[in-house]
Amino acid sequence: SQQGEEDPQALSIQEGENATMNCSYKTSINNLQWYRQNSGRGLVHLILIRSNEREKHSGRLRVTLDTSKKSSSLLITASRAADTASYFCATDAGDAGNMLTFGGGTRLMVKP
Amino acid sequence: DVKVTQSSRYLVKRTGEKVFLECVQDMDHENMFWYRQDPGLGLRLIYFSYDVKMKEKGDIPEGYSVSREKKERFSLILESASTNQTSMYLCASSFHLSDSYGYTFGSGTRLTVV
């Protein structure tokens, strides 16, 4: 079952612009995580935000979490061509093994 | 540099063959996972393991089995490969009962069944 749904499915911007991706989920969570996947490769963990946190920063990344709306957003500021990738949100509902459920992803293209 | 290693990047197998996908992690992680990734369907969990010799079914276990004889190694087995199992397979690992870290993924194995 797909817990998270990313929006938009695809996003194309110019280098230097900001990119915002949204994620909605259905059930209560322990934490929400964002991952990046370069074409044909595995996923790389970017950032984790716990259910009692509202905002988190890591370099050019800013993540917000609104548990009342069951939604999160990932903002990439001052985007670079190297940011071109697919971005996935994943939710940890506290199941055995800290099992993550992934959304379908947002494909981001940053044009030089 | 800690990592999750999948034995093959690309694999081509014939229908009906028994296929083994191997995954090894060097981080002493308790949890290991196998996902398949298909266009438009995202990542779907096949099986996961939270300890040696322990396994749990994910969302789509049919046609697959797994083996975890050692902590560092988690194998995915396609008992009789079929064309609808053509996909990208991703292995991941994580610490047990920790909400402070994410998953570490391997680079993936793109399997084609002909």
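Whatever comes next refers back to the structure up there.
Described in the following lines is the structure provided in the data block.

So, how was this worked out
Residues numbered from 1 in each chain as written. Chains lettered and ligands numbered in written order. Predicted model: local features only at pLDDT ≥ 70, side-chain atom pairs only at ≥ 80, totals over all residues. Heavy atoms only, no water. Disulfide = S-S within 2.5 Å. Helix = DSSP H or I, 4+ residues; strand = E, 2+ residues; numbered from the N terminus. Buried < 20%, exposed > 50% of the residue type's maximum accessible area, 1.4 Å probe, protein only. Pairing = 2+ DSSP bridges. Axes fitted to C-alpha atoms, helices over the stretch in contact; angles between N-to-C directions. Salt bridge = Lys/Arg side-chain N within 4 Å of Asp/Glu carboxyl O.

Attention shifts here to the state of the cysteines. Residue and element names in this part refer to chain B. Per the stated rule, a full pass over the model turns up 2 disulfides over all chains. Between the sulfur atoms of Cys-23 and its disulfide mate Cys-91 the distance is 1.9 Å. Looking down the S-S bond of the Cys-23 and Cys-91 bridge, the torsion is -75°, so its handedness is left-handed. Taken together, the residues Cys-23 in strand 3 (residues 19–25) and Cys-91 in strand 9 (residues 87–94) connect sequence positions 68 residues apart. Here the two residues Cys-23 and Cys-91 agree in accessibility, since each one is buried.

Moving on: the environment of Pro39(B). Among the secondary structure elements, Pro39(B) is positioned in the loop between strand 4 (31–38) and strand 5 (42–49). Taking the C-alpha atoms as reference points, Pro39(B) and Ser87(B), separated by 48 residues in sequence, lie 9.1 Å from one another.

We now examine the sheet that holds strand 6 (residues 55–58) of chain A. Residue and element names in this part refer to chain A. If you trace the 5 strands from one edge of the open sheet to the other, you get 1-3-8-7-6, paired in antiparallel fashion. At either margin of the open sheet sits one strand with a lone partner, and together these are strand 1 (5–7) and strand 6. Across the sheet, the mean angle separating the axes of adjacent strands is 20° when strand polarity is ignored. Relative to strand 8 (residues 71–76), strand 7 (residues 61–66) runs antiparallel, the two being bridged by 6 bridges. Each residue of the ladder has a partner; that of Val-63, found in strand 8, is Leu-74.

Two side chains carrying opposite charge are able to pair once their charged atoms lie near each other. All names here are of chain B. Summed over all chains, the structure comprises 9 salt bridges over all chains. For Arg-73, the salt bridge identified is with Glu-22, shortest N-O distance 3.9 Å. Of the two residues, Arg-73 sits in strand 8 (residues 73–78) while Glu-22 sits in strand 3, which places them 51 residues apart along the sequence. Each of Arg-36, Asp-38 and Arg-44 takes part in salt bridges that share partners, so that together they form one network.

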